[in-house]
Amino acid sequence: MIADTHSQVLRLREGKVYPFRITGTIELPDGSKYFVLSDPNLVKHLLAQKYYENYYFEPGQLIDCRVDKINCNGKIYIEPIHPFYRLGKKYSFPFVRFSMNKPKNGTIESFAVFEDIFGNEVKIPWDPINGNLSGSQTDLKAGDTMKLSVVRIKMGQIYVSDTDFDGDYKSFKSGVEYPFVITGYRNYPGKQGYFILQSEKGSQYKLRNKFYEKYGLSIGSTIFCRIIREGKDTFPEPKHPFYEIGREYNFEIGGMDTIREYPEGQSSAYVLKNEYGKDILVAVGKVSKDRSYASGITCKVVDIRKGRVIVDCV
C-alpha cells in the first residue's frame, strides 16, 4: 500500500526492496519511453521501458523494486525484482558458445556464453586452456548446462559467476578487519573489473576495482579489509590509504553543488576534496558554523563503503 505524504516518511536504503506503483508512461523528445513509478513516499521515478519488455509491466501495477544504489548526489537507482532470478541464488544456464574479446591495449579475453530464461546472453570469463574458473570443465558443448550464481541484475540484464569466487563469509565478523592477498585480476561483462582476493583459509573473493582505483592496489600485495554486511550483501572493504573511521579531518572546499535530500527535494552542498576517490558532498544545512573555516570544513569520518567516505560535519 502506498503511504500518504503526510504520514511518517520511509527512508529508502540501498539493498532494500520497496513497493512502487506504475502510475503511467512518458516519452521524451529523443523518443525514449519510460514508466513513471511512485515510491512509498509518492516521489516519482522514471524506469526505461526497453530493458523490461519481458517483465510485462502495465500502468496501475504495483511492483517490487530494489534500491540498487544511492549516489553521492542523492540520486536513487532502482531495479525491479526479476520475474524469475534472485540475487545470490544458483540456476542452471544452457551453454551457447565461446567468444573472445580484445580490449584496446589489453590482452585477449575469453568468455563462455550462456543463455537466460528470456534468451539473453549471459557471460563468464573462461580460460581456454584450463576450462572454467575452477578448471573442472573443458569440454562444454552447445546445450550443456552449468550451475551459476546470479551476482547482479542491472537494467534487466543478468550477471553471473561460477562458484570459485563466491567465498563463504560466515566465519567473518562484521566490522572486523582481516588480511587478504590479491592473487589476480579478471574482467567481467558489463565493464566490471575485479581483483581476486584470497583469505588466510584459502577461500577466494572478488573486489570491484572501480571503487578503489586510487588505493594503489596491486597483485601480490596483502591488504586488510573490513567485512561489511549490507542487507543481503556481504563484501570486503579495503583499509583506506588515508582516512580512518572515527577521526576528524579538515577538508578543503572545492566548490558548490546540489544534493538531493530525499524526499524533500534538492539543497545546496559543499564539495569537499578527496584525493583518494570521489569528492565528498555535504549539504550546507548539515554543517555547523563552528566547523566551517576559510581553509575548509572539519568533519568526522563516520564510515567508508565501496571507497566512498561518509562524514559528519555537525
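Structure: above.
First, a word on what this report is: a plain description of the structure on this page. In this text, all values refer to a predicted model and were calculated from it rather than measured experimentally.

Reading the values: rules and limits
Residues numbered from 1 in each chain as written. Predicted model: local features only at pLDDT ≥ 70, side-chain atom pairs only at ≥ 80, totals over all residues. Heavy atoms only, no water. Pairing = 2+ DSSP bridges. Helix = DSSP H or I, 4+ residues; strand = E, 2+ residues; numbered from the N terminus. Axes fitted to C-alpha atoms, helices over the stretch in contact; angles between N-to-C directions. Core = buried A, V, L, I, M, F, W, Y, C linked by side-chain atoms within 4.5 Å. Buried < 20%, exposed > 50% of the residue type's maximum accessible area, 1.4 Å probe, protein only. Contact = heavy atoms within 4.5 Å. Salt bridge = Lys/Arg side-chain N within 4 Å of Asp/Glu carboxyl O.

## Describing the sheet that holds strand β10 (residues 157-161)
And then number 1: Reading across the sheet, the five strands line up as β8-β7-β6-β9-β10 and stay open at both edges, with antiparallel pairing between neighbours. With one partner strand each, in any of the chains shown, β8 (121-125) and β10 form the two edges of the open sheet. Mean inter-strand twist for the sheet, computed between neighbouring axes without regard to direction, equals 55°.
And then number 2: Pairing of strand β6 (residues 90-101) with strand β9 (residues 145-154) involves five bridges; the strand directions are antiparallel. In the sheet register, S92 faces β9, and the bridge partner there is K147.

## As for the nonpolar core
And then number 1: In this structure, F180, L197, F251 and V311 are the most contacted members of the largest nonpolar core, which totals 30 residues.
And then number 2: Counting residues per element, this core draws most heavily on strand β21 (residues 296-305), at four residues.
And then number 3: In this view, F180 contacts F172, L197, Q198, S199, Y205, S221, T222, I223, C225 and I227; residues no more than four positions away in its chain are not counted.
And then number 4: The next biggest cluster of nonpolar side chains, apart from the first, holds 17 residues, and it includes Y18, Y55, F57 and V67.

## Quick notes on the pattern of salt bridges
And then number 1: Per the stated rule, a full pass over the model turns up eight salt bridges.
And then number 2: The partner of R226 in a salt bridge is D303, with the nearest N and O atoms 3.4 Å apart. Of the two residues, R226 is situated in strand β14 (residues 222-230) and D303 in strand β21; the sequence distance between them amounts to 77 residues. A single burial state applies to R226 and to D303, both of which are buried.
And then number 3: Here R305 makes a salt bridge to D303, at a shortest N to O gap of 2.8 Å.
And then number 4: Taking relative accessible area as the criterion, R305 reaches 27% and is therefore assigned partly exposed.
And then number 5: Its relative accessible area of 15% is what places D303 among the buried residues.
And then number 6: A network of salt bridges, in which partner residues are shared, links R226, E230, D303 and R305.

## Considerations on the pairing of strand β11 (residues 177-188)
And then number 1: By the bridge criterion, five bridges tie β11 to β14 in an arrangement that is antiparallel. Counterpart to V181 in the pairing with β14 is T222.
And then number 2: Where β11 meets strand β12 (residues 192-198), seven bridges bridge the pair, whose relative direction is antiparallel. Bridge pairing in β12 links Y188 to Q192.
And then number 3: Counting the residues between successive antiparallel strands, the hairpin from β11 to β12 contains three residues, one of them, G190, with a positive phi of roughly 85°.

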